[in-house]
Each structure stands twice: as structure tokens, then as C-alpha cells.
Amino acid sequence: MRGWQLASFALFFGLWELAGRWPVSAAFPPFSAAFLALVEMLRDGSLLKAYLITLQPLALGIVLCAVAGIGFGIGMGLSRSVEWLSLPIFIILQAAPMAAIIPLITYIYGIGLTSKVLAVIMLAAPVIVMNSYKGIRNTPPSLLQMCRSFQGTRRQEVMKIVLPHAAGLIFTGLRLGLAMGFIGIVIAELLITPTGIGDLITYNSSVADYPKMFAAIASIVALAAIALYLLERLERRWFP
Amino acid sequence: MIVEVKGVRKTYDSGVEALRDVDLSFPKGQLSTLLGPSGCGKTTLLKIIAGLIPKNGGEVLVNGKAVHGPGPERAFVFQDFALLPWADVLRNVGFGLELRGVERKERDEVARKYIAEVGLKGFEHRYPAQLSGGMRQRVGLARALTVDADIILMDEPFSSVDEQTRRKFQEDLLDLLRHHQKTVIFVTHSIEEAAYLSDQIALLSPRPGRVSKIVRPAVDRSKSPDEIRRDRGYLDTVDEIWGILRQYV
Ligand SMILES: Nc1ncnc2c1ncn2[C@@H]1O[C@H](COP(=O)(O)OP(=O)(O)O)[C@@H](O)[C@H]1O
Ligand SMILES: [Mg+2]
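What you see is a predicted model; the values in this text were computed from it and never measured.

Engineer: Describe the overall build of chain B, and please don't skip the residues or the numbers.
Structural biologist: Per the secondary structure count, chain B includes nine helices and 10 strands. For 249 residues, the compact-globule formula gives about 18 Å, and the C-alpha radius of gyration of chain B, at 18 Å, lands near that figure. Projected onto the principal axes, the alpha-carbon positions of chain B cover approximately 50 × 45 × 30 Å. Counting contacts in chain B only where the partners sit at least 6 residues apart, residues at least 24 apart contribute 67% of the total. Positive and negative side-chain charges in chain B, numbering 37 and 35 respectively, have mean positions lying 2 Å apart.

Engineer: Give a detailed account of helix 4 (residues 80–95) of chain A, specifying residues and quantitative values.
Structural biologist: Residue and element names in this part refer to chain A. For helix 4, which comprises 16 residues, the first-to-last C-alpha distance of 22 Å matches the rise-based estimate of 22 Å (1.5 Å per residue) to within 8%. The largest bend along helix 4 measures about 40° and falls at Ser86, with the proline Pro88 one to four residues further on. Taken together, the buried positions of helix 4 are Glu83, Ser86, Leu87, Phe90 and Leu93. Buried residues along helix 4 sit against helix 3 (46–78), helix 5 (98–109) and helix 6 (113–137).

Engineer: Requested: an account of the packing of aromatic side chains, with residues and values cited.
Structural biologist: The description of an aromatic ring pair uses the distance of the two centres, along with the angle that the planes make with each other. Using the criterion set out here, one finds 14 aromatic pairs over all chains in the structure. Judged by centre distance (6.3 Å) and plane angle (40°), the ring pair of Phe13 of chain A and Trp16 of chain A falls under tilted. Of the two residues, Phe13 of chain A and Trp16 of chain A are both situated in helix 1 (residues 3–21); the distance of three residues between them amounts to about one turn of the helix. Take Phe13 of chain A: its relative accessible area is 28%, and that puts it in the partly exposed class. Joined through ring pairs, the aromatic side chains of Phe9, Phe12, Phe13, Trp16, Phe31 and Phe35 of chain A make up one cluster. Above the ring of Phe169 of chain B, the side-chain terminus of Arg138 of chain B is found at 4.5 Å from the ring centroid. Positioned above the aromatic ring of Tyr196 of chain B is the side chain of Arg229 of chain B, whose terminal nitrogen or guanidinium carbon lies 4.0 Å from the ring centre.

Basis of the calculations
Residues numbered from 1 in each chain as written. Chains lettered and ligands numbered in written order. Predicted model: local features only at pLDDT ≥ 70, side-chain atom pairs only at ≥ 80, totals over all residues. Heavy atoms only, no water. Helix = DSSP H or I, 4+ residues; strand = E, 2+ residues; numbered from the N terminus. Rg over C-alpha atoms; globule rule 2.2 N^0.38 Å. Contact = heavy atoms within 4.5 Å. Lys, Arg positive; Asp, Glu negative; His and termini not counted. Charge placed at Lys NZ, Arg CZ, Asp CG, Glu CD. Expected span 1.5 Å × (residues − 1). Bend = angle between axes of the 7 residues up to and from the residue. Buried < 20%, exposed > 50% of the residue type's maximum accessible area, 1.4 Å probe, protein only. Phe/Tyr/Trp six-rings, centres within 6.5 Å; stacked < 30°, edge-to-face > 60°. Lys NZ or Arg CZ within 6 Å of the ring centre and 35° of its normal.

Taken by themselves, the reported measurements are silent on function.
Laid out in C-alpha cells, this is it:
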């Protein structure tokens, strides 16, 4: 990490510390208190236990999206009839306010794992599907003509030109999908039933242990940021 | 006559009439250019000859047989190069052979040979983004040469090459194509380029493109490049073409 990045983190945490000591509100702990709470939750294992629960529907949802969503997007890009059938669904999904739909999911599927996985999928799938679809559709026409000018078959066209060209955008879609998945799982754990990290947040809020509550919130923000940062690094390495 | 175009017409779906009743023949082993103002349908005609876009009427005959799509006897060099950005020069040059199912070892060998011929030896493992416009065009040319087609179709191959490299590239191209005895059809909007390179120049009128005149420059090709550019026949050809094209601008 570069110096200015470190400095910007230091500044952020420093301001947090100051604001907590001011005090802005009794419910707003300084950075040091939240940090100590984090260490304690790490030591007693409650944070790890919470993440084991939270990451399960997230991982399941993302893996399902990666397989089916990319498949769907590629199908839509390659076939006009698949596009005609499914494009409207994903355009609507992309625009729908998800928090409003989650109670509907709970009504149908109950409060178990299924609903939480579905919440992740509903948020992550549109961006994954649409990126794959666009990656396929945006193949430069001259590359396709080049393939045909050498009598390439449709299969060769797809395998050697269309898919390699789309790979970068498909990966971007996955990364953005994971970002949406983090949003989805936190909403689900707060709105459906408090479990995992959502439980840590709501429980500590109800017993007014604000340092722990803020530590839990900061930990999921940090986890999402680190995961996305690593994926972006990978993306830049693979698809420069 | 190796390529004949008879009564070819093309109107795009948008309603633009690009070509109207074009009749042309391209003699075997010669270099012919399609010359005309921008937007007159040169690319359209070349791609119809290549079988890359459908025509609305007329015929394209290659060696006397009507063709309706791309064929192994024709290879195309694209104006925007059409290189795979994720593949190095070696794979790009061998890509035509790869599509034909030629083994890796054999196609690499052929590709290396043509990479050297177009003057890119040492750049085998570079990627298109690391090359200049002129070098990318050489990659596109090498790829067209590997498949050993008799007819090479080139769409403004020098348009993205700067002036200094252009002359050198033109000279290299002449040598290479004469050496391999290719029949070349090539699009340009530069009068000098056409007069310098061609055995036959087909002048197209503005849209809808029609053949307005065929010019055969009387240029002595045994002279050196610099002598040719001062040659009477060359200068007369440039004047004659300019006289015709002037009425279009
Ligand atoms: N795919 C297309 N759809 C509609 N019109 C086109 C298309 N391609 C070319 N045209 C039009 O056809 C005319 C001839 O184009 P083109 O053959 O590219 O000209 P040139 O190569 O001589 O500059 C132009 O007016 C152009 O706008
Ligand atoms: Mg053109």
C-alpha cells in the first residue's frame, strides 16, 4: 500500500476518534472503543461464528449466480430468442427496489436459508447477467468478419473470438455482483431474521453496546472492501 | 481475368444506395485499386467481393465461378486490422491457419516466416496494443499471406500509417506481392498511392458508386521508387485522375 493511502486511512480513523470523543452522540463510540470491541469479539469467537453464518448464503448465492447468471447472459448474447424471452426480466430486476421485494420473498419462502440466498441472487444476478450479455454483444464486428473471411465456423467464432472478448466484462460483472451480494446479505440479515453479522448488529444495538455494534458494521464494510479490492487486482492482472 | 464483378448493386437496410450496377474485372497477378471519394462505396464493393456482406443483385465471379461467401482463394486485410487484442503477434498471424485446423507447430512455423517477410522479426510475442499502426497493419497483411490465397483484398491498408513509414511500407508491399505473384485488389482514396502502386485503377463516382473510368498507369516499374515518383507516366496518371475526381469535390 502506498503512503498516501495509509495517510488517508489514518486521517479517517483519526477523525472518527475525534468525533467519538466530542461526543457527537452517546451512541457514537470513538474509533479506539470500536477497535477494542472488535478485538474482543475476535477473541471470544463471536465474530467468526457470525461470519460463518453470514458468508454461507452469500457464497451460495454468488456461486449460483456465477454459474447460471453467466450462462444466461451468454445465452442472451448469442441467441435472439433467449434475449427476447429474458432481457425484460433482468431490466426490471435491475430497476426494482430490492428492499421492497424481500418481505415478499419471506412471505413465500419463510425465514430460512432459501430466502437469504434468494436475496443475494436477486441483487447480484442482474449485473452479472447484463455484463455477460453486453460482453458478448459488444464483440467488434470486424473481428467477426475476420473470422468469417478465413471460413471460421460459428463454433470457432464463439470459442475463439466472442468468449475471449467477453471474458473481461464477465469478470467485471462478477466483481460488481459480489458487491451487490454483500448489500443483499446485510439487508436480508437485518430484514428477514437477525442472523450472523446482522444479529451481532441488532443485538448489540438493542443492549446499547454501541462499540460492538460499530465494530460489527465496520468489519463487514472492511471485508467487502478487501474482497472487492482483491478481485479488482486480479481483474487487472488477467484482463489488462 | 481472375475476379469479375457484374452488375453488382447494394442498398443497405438503412436505405442508403451504396453501389449501382458495378462492372469490373481484375486481371490475374496484377494490382488493381478502387479509388474514389470517401463514402462512395469502395469498402462495400471490396467486402462484397470478399463475400463478407450480401449484395442485392449482380454477380461476383472468381476464376469464372460465381461466389456467394468467403473462400480460401481470397484473403482480406482489414482497415482497422481486426487483430485479437488478447493474442500475440505469432498467434494473430497464424490465426487464419488456426481456424483451418492446422497444427500448432506447423502454423507457428508458417507464421514466423511471414512475420519475417513483413519485417516484424523479433516482435512475435508482442501484443497488438504494443505495436504502432503500421506494424499492426503488417500483422494483418502477414495473416492474409499465411493462408496462401491467390487474391488479396486490402481496405485502405496505409490509412493509419504516418507519411514517412507509408512510402517504405508501399515499397515493401509492392515487392512482397510481386514476389508472391498475388492478385491484389486494394482500396485507397489517395491518388498518388493509386498511381504509384497500381496496374489498373478503377475510379468510382460518389454515391451511389459506379465505375466512372478505368485508368492503366503507364509507369515503368523497373525503375527505383524515387525515379518512379518523378516518372512522366506517373505524373500524367496523377493529373488525369485528378482531372476526373476534381468534378466530385
Ligand atoms: N452497415 C452499413 N449500414 C448502412 N449504411 C452503410 C453501412 N456501411 C456503409 N454504409 C454507407 O454506404 C456508403 C458507402 O460506404 P463505404 O463502402 O464504407 O464507403 P467508402 O469505403 O468508399 O468510404 C456510405 O454512405 C456509408 O455511410
Ligand atoms: Mg472505406
